[in-house]
Amino acid sequence: MTSGREDLKGQVAIITGASSGIGAAVARDLAEAGMRLVVTARREERLKALAEETGAVWLAGDITAPDLPVRLLDTALGRFGRVDAVFNNAGVMDAGPVDAMDVEQIVRMVRVNVEAAFRMAYHALVHFKREDRGTLLNVSSILGTRVRPHVGWYAGTKFAVEGLTESLRMEFAGTNVRITAIQPGSTLTELQDHWPAHARGARNRKAPLLPEDIARVVRFVLEQPPHVRIPKVLVLPAEQGTP
C-alpha cells in the first residue's frame, strides 16, 4: 500500500468524444501529465489539431459504430503496448416537451449515450479484467442522479450509465480494476449549442463549470494510489443548487 500519487507518465488513455469540450480538455491535461493518448470523435480536422497539440494518436469515427471500441483498443495496444485508462465521454443532449421532440432525436441519444457507452465499457473491461489493471471513467451527469421537466429523455440515458457503473464497480471490487462515474453539473461546452436558448442563459447561470474543471477531476481520480477507489464524483459550479 502506498500513500503517494500515481505517476501517470508513460501510461496510456483512450478518450472518446475528444474533438471539443470535456474530452479535448481531458486530453490536454493528461498529455501534460505525461500520458500517451488515443483520441476519437467524428470531426477529423479537430482531432488532427488536438493530436498535433498533445501528441495523441487519433482515430476518427462515429462512436455508434459497433467496431470502434475494439479498433481503439487495438490501436492503443499496437502503438503503445498497453491501455491504462478509458475516458468514456462521447455524448449528445436533446431536451424539450414531448410534442417538441422528434423520436429519432431520442433514439440517436440512446444509441450514443447508452449503446455506444456500454460497448466501450464492455470492451475496455474485458481487456482490464484480463490484465487485472486499468481504470474506466464513465461520464454521467447531475441529470443521472435527479430530474426536472423536459430533460427526461437525456436523464434516462445518464441514469442507465449510473446503474451500469455502480454495478460494475461492485463486480470489480477487490481487483485492480477501478471504475468511476463523473457527474458534471452545468458545464460550458458545445453540448447545448444547437438549442434555441443555451441552458446557461435559460437558467440564469453566469459562471458554469469549464471543461478544464472536469479535466482536473479526471486527473485527480487517475492519480490516486492503487488502494483508493472513487466510485463517483459530482462536480458543480458554485451557484448550482438544483439541476
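For the structure itself, look to the data block above.
Because the structure is predicted, anything quoted here is derived from the model rather than measured. Once a new chain begins, its residue numbering starts again from 1 and follows that chain's sequence as written. Owing to the predicted nature of the model, reporting of local features is limited to residues with pLDDT of at least 70; listing and counting of side-chain atom pairs is limited to 80 or more, with chain, interface and lining totals taken over all residues. Side-chain metrics in this entry use all non-hydrogen atoms of the structure; hydrogen atoms and water are not considered.

Peer 1: Give me the lowdown on the pairing of strand S6 (residues 177-184), citing residues and values where you can.
Peer 2: Counting buried residues in S6 gives eight out of eight residues, a clear majority hidden from the surface. Three labels apply to residues, based on accessible area from a 1.4 Å probe with only protein chains included: buried if under 20% of the type maximum, exposed if over 50%, partly exposed otherwise in between. Only DSSP runs of H or I covering at least 4 residues are called helices, and only runs of E covering at least 2 are called strands; the numbering of each starts at the N terminus. The alternating pattern of S6 places Val-177, Ile-179, Ala-181 and Gln-183 and Arg-178, Thr-180, Ile-182 and Pro-184 on opposite faces, both of which are buried. As paired strands, strand S5 (residues 134-139) and S6 are joined by six bridges and run parallel to one another. Bridge pairing in S6 places Val-139 opposite Ile-182. Looking down the strands as they point away from the viewer, one classifies a crossover as right-handed if the path from the first strand across the helix to the second runs clockwise. Handedness of the crossover joining S5 and S6 through helix H5 (residues 152-171) is recorded here as right-handed. Strands pair, by our definition, only if DSSP identifies at least two bridges between them. Two strands pair when backbone bridges link them, and S6 and strand S7 (residues 232-235) are joined in this way by four bridges, in the parallel orientation. In the strand pairing of S7, Gln-183 is matched with Leu-234.

Peer 1: Describe unusual backbone geometry, with residues and values.
Peer 2: One non-glycine residue with positive phi stands out, namely Asp-132, at about 55°. Relative to the assigned elements, Asp-132 resides in the loop between helix H4 (103-131) and S5. On the accessibility criterion, Asp-132 (36% relative accessible area) is partly exposed. In this structure, His-150 takes a positive phi of about 80° despite not being glycine.

Peer 1: Outline the sheet that holds S5, listing residues and values.
Peer 2: The strand order S3-S2-S1-S4-S5-S6-S7 describes an open sheet built from seven strands, whose pairing is parallel. The two strands at the open ends of the sheet, each matched to only one other strand, are strand S3 (57-58) and S7. Across the sheet, helix H1 (residues 21-32) is in contact with strand S1 (12-15), strand S2 (36-39), strand S4 (85-88) and S6; its angle to S1 comes to roughly 170°. Between two residues, a contact is recorded if the distance between any of their heavy atoms is within 4.5 Å. Fitted lines through C-alpha atoms serve as axes, helices being fitted only where they are in contact, and the angles separating the N-to-C directions of these axes extend from 0 to 180 degrees.

Peer 1: Go over the packing of H1 against helix H7 (residues 211-222) with me, naming the residues and quoting the values.
Peer 2: Here H1 crosses H7 at 50°, and the two axes come no closer than 8 Å. Relative to H7, the element H1 is oriented oblique. Where H1 crosses over H7, the handedness of that crossing is right-handed. Taken together, the residues of H7 that come into contact with H1 (itself represented by Gly-21, Ile-22, Ala-25, Val-26, Asp-29, Leu-30 and Glu-32) are Pro-211, Glu-212, Ile-214, Ala-215, Arg-216, Val-218, Arg-219 and Leu-222. Of the residues belonging to the contact of H1 with H7, the class tally is nine nonpolar, one polar and five charged. Roughly parallel means an angle under 35 degrees; roughly antiparallel, over 145; roughly perpendicular, 65 to 115; everything else is oblique. Definitions for this section: a left-handed crossing has its near helix turned counterclockwise from the far helix by less than a right angle. A right-handed crossing has that turn clockwise. All residues other than Ala, Val, Leu, Ile, Met, Phe, Trp, Tyr, Cys, Pro, Asp, Glu, Lys and Arg, Gly among them, are scored as polar; the first ten of these are nonpolar and the last four charged.

Peer 1: Give a description of helix H3 (residues 68-80) that names residues and reports values.
Peer 2: The first and last C-alpha atoms of H3 sit 18 Å apart over 13 residues, in line with the 18 Å expected at 1.5 Å per residue. Where H3 is concerned, the buried positions are Leu-68, Pro-69, Leu-72, Leu-73, Ala-76 and Phe-80. Along the long axis of H3, the arc covered by the buried residues comes to 140°, so they all point the same way. In H3, the exposed residues that point more than 90 degrees away from the buried face are Asp-74 and Gly-78. Packing partners of the buried residues in H3 comprise S1, S2, S3 and H4. Every helix has an expected span of 1.5 Å times one less than the residues it contains. Directions are taken from the helix axis to each C-beta atom, and the arc is the one they span.

Peer 1: An account of the nonpolar core is needed here, citing residue identities and associated values.
Peer 2: Membership of the largest hydrophobic core comes to 33 residues, with the highest contact counts inside it found for Ile-15, Val-26, Leu-30, Leu-37, Val-39, Phe-87 and Leu-222. Elements that contribute at least two residues to this core include exactly S1, H1, S2, helix H2 (44-54), S4, S5, H7 and S7. In contact with Ile-15, other than residues within four places in its own chain, are Gly-23, Val-26, Ala-27, Leu-30, Leu-37, Val-38, Val-39, Thr-40 and Phe-87. Membership of the second largest hydrophobic core comes to 26 residues, among which are Leu-72, Ala-76, Ala-121 and Val-177. Residues grouped as a nonpolar core are buried Ala, Val, Leu, Ile, Met, Phe, Trp, Tyr and Cys residues, joined through side-chain atoms within 4.5 Å.

What is shown is where atoms sit, not what they do.
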